[in-house]
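Per-entry structural report
Below, each chain spelled out in residue letters.
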Amino acid sequence: CTELDPALSLELEKIIETISAPKKGLLACDESPASLEQRFQEIGIDNTESTRRAYREMLLSADKSQFSQYISGVILHHETIHQRTSEDVEFVEFLRRRNIIVGVKVDRGLVRLFGTEDEKTTQGLDNLQENCVRYKKEGCHFAKWRCVFSISERCPSHLAMITNANVLARFASICQSARMVPIVEPEILSNGKYGIDRALQVHEEMLSILFRALNEYHVYLEGMVLKPAMVLSGIKNAIKCTPQIVAEYTLRALRRTVPAAVPAIFFLSGGQTDEEAVLNLNAINACDNKKPWRLSFCYGRALQNMAMKIWKNNSENVDKAQAMFLKRAQLCSEASLGELQV
Ligand code: 13P
């Protein structure tokens, strides 16, 4: 294994130090136009380039000092990278002026993994090198790639785990070569009836296969961030686990599989209510088990859901929607320290 050029490893570590600053986490607002479709439909908004731009402007222009108190970085969709605020400033530049680090989603979405029970892998490796080099020039310092796994009696299959581990590792290696920090997101979806023990088993197996691949691809572990789901029982399971149980199981899975060399783990919020995403993160950080990583949030839904519903593409609602978004961000920030007043 060849060692990374010291200037490159230092650059990656510096980016991570900034995005994992205490009390802060990441805002994921990189939903593709297709995934915004349903969310916009629910509140009766047309899903067009201009409504997506207006929505992102509402979020990103929330009060500057509060925003940067809770949020260190934002993950944008490719479309937003080239959009401008209503004052004609590119979003990337707008965020840079607010001392927010910009990241970008670089995968190109899910495709069926032939030969499996409708399991998925993620495309976008073709041209990834040149895309990453361009994004870095445009001011992005980290990049996200998401693979998904679902749990059933026979899933995730070994093929799905091996394929996605390799895809994530290849992404991470290309991303580091372009001087961006990879946010490696292996999302275990929580659709299903299974109990939390089964979720623990799947997390352990998937994460151990993933880290083996990351090592085989010589990914610089000190220069990456892991973005996993928490260990939860399936949504259709009647037993709801308390935040303390979720914290215990999640930390057990992570301790058994994620090297201490990885500096930060930022959770996703999918499969949890807004409230659960805050309470569970708080319990994880309040727990005094061994935790060699910084544990924070990289939330999409749990930060945006309520604000989006208030906004409704009406300029009169912008202040209220922004206040709601900042409130959620504040709660996540407190939870990232385990200091939520519950
Ligand atoms: P959620 O927090 O909504 O799960 O989304 C985060 C994300 O970036 C999914 O890729």
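Residues numbered from 1 in each chain as written. Predicted model: local features only at pLDDT ≥ 70, side-chain atom pairs only at ≥ 80, totals over all residues. Heavy atoms only, no water.

For the rest of this paragraph, the subject is the confidence of the model for the chain. Residues with a pLDDT of 70 or more make up 99% of the chain, whose mean pLDDT is 97. Under the prediction, the complex receives an ipTM of 0.89, its pTM being 0.97. (pLDDT = per-residue confidence, 0-100.)

Attention shifts here to the packing of aromatic side chains. By the definition in use, this model includes six aromatic pairs. Taking 5.8 Å as the distance between ring centres and 50° as the angle between the ring planes, the aromatic pair formed by F67 and F325 counts as tilted. With F67 in helix 4 (residues 64-70) and F325 in helix 13 (residues 318-335), this pair connects stretches of sequence that are 258 residues apart. A relative accessible area of 0% places F325 in the buried class. Among the aromatic residues, those joined into a ring-pair cluster are F40, Y55 and W311. (Phe/Tyr/Trp six-rings, centres within 6.5 Å; stacked < 30°, edge-to-face > 60°. Helix = DSSP H or I, 4+ residues; strand = E, 2+ residues; numbered from the N terminus. Buried < 20%, exposed > 50% of the residue type's maximum accessible area, 1.4 Å probe, protein only.)

Among the 13 residues in the neighbourhood of the ligand, the closest are listed as K144, K227, S269, G300 and R301. At 2.5 Å, a side-chain N or O of K144 approaches an oxygen atom of the ligand. Here the ligand has 300 Å² of accessible area as a free molecule, and 92% of this is covered by the chains. Secondary structure elements with two or more residues in the shell around the ligand: strand 6 (142-149) and strand 10 (294-299). Within the shell around the ligand, the residues separate by chemical class into four nonpolar, three polar and six charged. (Near = heavy atom within 4 Å. Polar contact = N/O pair within 3.5 Å; in protein donor to acceptor, adjacent residues only side chain to side chain. Areas by Shrake-Rupley, 256 points an atom, 1.4 Å probe, with all protein chains shown as cover. Nonpolar A, V, L, I, M, F, W, Y, C, P; charged D, E, K, R; others polar.)

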